[in-house]
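Examination of the molecular architecture
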Amino acid sequence: MTSSPHLLADKVTVGYGRQVVLDGVTLRIDRGETVGLRGPSGCGKSTLVRVLALLHHPDHGRVSIDGTPVDGVRYAVPVDLRTRVAVLFQSPRAAADPRLSLDDLIAEPLRAIRTPEPAVRERVAELADLVGLTPDLRGRRPHAVSDGQLQRACLARALVHRPDYLLCDEATAMLDASTQAHVAAVIRDYQRAQHAGVLVVTHDEILLNRWADRAVDLVETASAVT
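Now for a look at the structure at hand. (Residues numbered from 1 in each chain as written. Predicted model: local features only at pLDDT ≥ 70, side-chain atom pairs only at ≥ 80, totals over all residues. Heavy atoms only, no water.)

**Some points on the overall build of the protein**
In plain terms, the rule: Elements are defined by DSSP. Helices are runs of H or I of four residues or more, strands are runs of E of two residues or more, and each kind is numbered from the N terminus. The classification of residues rests on relative accessible area computed with a 1.4 Å probe and restricted to protein chains. Under 20% of the type maximum is buried, over 50% is exposed, and intermediate values are partly exposed. Should any heavy atoms of two residues lie within 4.5 Å, those residues are considered in contact. All accessible areas in this document rest on Shrake-Rupley with a 1.4 Å probe, and a residue is counted as covered only by the protein chains that are shown. Asp and Glu are treated as the negative residues and Lys and Arg as the positive ones, with His and the ends of the chain left uncounted. Charged groups are reduced to one reference atom each: NZ for lysine, CZ for arginine, CG for aspartic acid, CD for glutamic acid.
A count of helices and strands for the protein gives 10 helices and 9 strands. With the C-alpha coordinates of the protein rotated into their principal frame, the extents come out at 50 × 40 × 35 Å. Residue burial in the protein is summarised as follows: out of 226 residues, 48% are buried. Taking the intrachain contacts of the protein between residues at least 6 apart in sequence as the baseline, contacts between residues at least 24 apart amount to 71%. Surface accessibility of the protein: about 11,000 Å² in total, with carbon and sulfur atoms responsible for 50%. One way to put it: in the protein the 27 positive side-chain charges average out to a point 4 Å from where the 28 negative ones average out.

**Remarks on the layout of surface pockets**
The following threshold applies: In this analysis a 1.4 Å probe is tested at points of a 1 Å grid over the protein atoms alone, and where it fits but cannot get out there is a cavity; an open set with protein on both sides within 12 Å along at least five of seven lines is a pocket; lining residues have an atom within 4 Å of a point. Grid points are joined across faces, edges and corners, and a volume is the space filled by probe spheres set on the points. Three categories are distinguished: nonpolar for Ala, Val, Leu, Ile, Met, Phe, Trp, Tyr, Cys and Pro, charged for Asp, Glu, Lys and Arg, and polar for the others, with Gly belonging to the last.
Estimates place the volume of the largest pocket at around 890 Å³. Elements represented by at least two residues in the lining of the largest pocket include exactly β6 (85-88), α3 (92-95), α4 (102-112) and α7 (147-159). Residues of the lining of the largest pocket, tallied by class, amount to 20 nonpolar, 3 polar and 6 charged. By volume, the second largest pocket amounts to about 210 Å³. Surrounding the second largest pocket, Thr172, Gln180, Ala181, Ala184, Arg188, Asp204, Ile206, Leu207, Arg210 and Trp211 form its lining. Its residues assigned to classes, the lining of the second largest pocket comprises 5 nonpolar, 2 polar and 3 charged.

**Topic: the packing of α7 against helix α8 (residues 177-194)**
Put simply, the rule is: The axes used here are C-alpha line fits, helices contributing only the stretch in contact, and every angle between their N-to-C directions lies in the interval 0 to 180 degrees. Any angle that is under 35 degrees is reported as roughly parallel, and any over 145 degrees as roughly antiparallel; angles of 65 to 115 degrees are reported as roughly perpendicular and all others as oblique.
One way to put it is that α7 packs onto α8 with a least axis distance of 10 Å and a crossing angle of 10°. In terms of axis orientation, α7 runs roughly parallel to α8. Residues Gly148, Arg152, Leu155 and Leu159 of α7 form the contact with α8, whose own contacting residues are Thr179, His182, Val183, Val186, Ile187 and Tyr190. Broken down by class, the residue content of the contact of α7 with α8 amounts to 6 nonpolar, 3 polar and 1 charged.

**Considerations on the sheet that holds strand β5 (residues 68-70)**
Inclusion rule: Paired strands are those between which DSSP finds at least two bridges.
The strand order across the open sheet built from 4 strands is β2-β1-β4-β5, with neighbouring strands paired in antiparallel fashion. Every interior strand has two partners, whereas the edge strands, β2 (19-30) and β5, have only one. When the angles between neighbouring strand axes are averaged without regard to direction, this sheet yields 25°. Summarising the sheet, strand β1 (residues 6-16) and strand β4 (residues 60-65) pair through 5 bridges and their orientation is antiparallel. Bridge assignment links threonine 13 to a residue of β4, and that residue is histidine 60. Lying over the sheet, helix α1 (residues 45-52) contacts β1, β2 and β4, oriented at roughly 125° with respect to β1.

**Examining α4**
Taken as a whole, α4 has its buried residues at Leu102, Leu105, Ile106, Ala107, Pro109 and Leu110. Arginine 114 occupies a position one or two residues after α4 and carries a positive phi of about 65°.

**Comments concerning the nonpolar core**
This is how it is decided: By nonpolar core is meant a set of buried Ala, Val, Leu, Ile, Met, Phe, Trp, Tyr and Cys residues that side-chain atoms within 4.5 Å join together.
Formed by 38 residues in total, the largest nonpolar core has its most connected members in Leu88, Leu133, Leu155, Leu159, Leu166 and Ile187. Elements that contribute at least two residues to this core include exactly β6, α4, α5 (117-131), α7, β7 (165-169), α8, β8 (197-201) and α9 (205-211). Broken down by element, the residue count for this core peaks at 7 residues, all from α7. In contact with isoleucine 187, not counting residues within four places along its chain, are Leu88, Leu155, Leu166, Cys168, Val198 and Trp211.

**Concerning the pairing of β6**
Residues in a regular strand project their side chains so that they alternate between the two faces of the sheet. Going residue by residue along β6, you find Val85 and Val87 tucked away on one face and Ala86 and Leu88 tucked away on the opposite face as well. Of the strand pairs in this sheet, β6 and β7 are connected by 4 bridges, and their pairing is parallel. If you follow valine 87 over to β7, its bridge partner there is leucine 167.

**Regarding the pattern of salt bridges**
Cut-off, in case you're wondering: Here, a salt bridge means any Lys or Arg side-chain nitrogen found within 4 Å of an Asp or Glu carboxyl oxygen.
Counted under the stated rule, the structure contains 18 salt bridges. Close ionic contact of glutamate 126 with arginine 162 constitutes a salt bridge, the shortest N to O distance being 3.9 Å. Of this pair, glutamate 126 sits in helix α5 while arginine 162 sits in the loop between α7 and β7, placing them 36 residues apart in sequence. A relative accessible area of 42% places glutamate 126 in the partly exposed class. Look at arginine 162 and you get partly exposed, because its relative accessible area is 42%. Note that aspartate 136 is salt-bridged to arginine 140, the shortest N-O span being 3.6 Å. Owing to a relative accessible area of 48%, aspartate 136 belongs among the partly exposed residues under this scheme. Judged by relative accessible area, which is 32%, arginine 140 ranks as partly exposed.

Written as structure tokens, this is what we have:
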């Protein structure tokens, strides 16, 4: 029987110096499902997101995408593999280059793989419209827009390669209620259209109950495959 497509962190251990942050953690996200991840502050939720996003190499264990093991991180991973996973972080200001306009922020991942400029402009316009960025905002730099507007640009950037898996690390925590609802709606619509797997890291139990198909406590994942 063929296993369904999934993103998997398999028995992942990560430490910083003598402090072990993740100890043998296993977490699986199937295509088309939304997994909620909760746990106390400092338990390693954001570290696990970075490992799954291929931004941090675990000390032990491995990440695989649809059964294909991923040995490297960042640009050491082939383009066709690393672009299948995207991440939306809690703080858009920490994630965004302050020198770039919102248009250039969205376009940067496409230009990094030498996408032809006409295709870049078309995709940026499509995504800006999708997330609700009006033309007057698109030419502004991060300091000239609100947190909510900047997070919309970061969401567009995360979706630019049409990823199969989207990881949201407290992605709506710093937003007002209306922007939270808009960002969540865009992600849900994208998920349905692309049959994407979504990971939602949050302390908000109401959001988890409303959004996630299942919720996982990080403190329990070291002892059980989820």
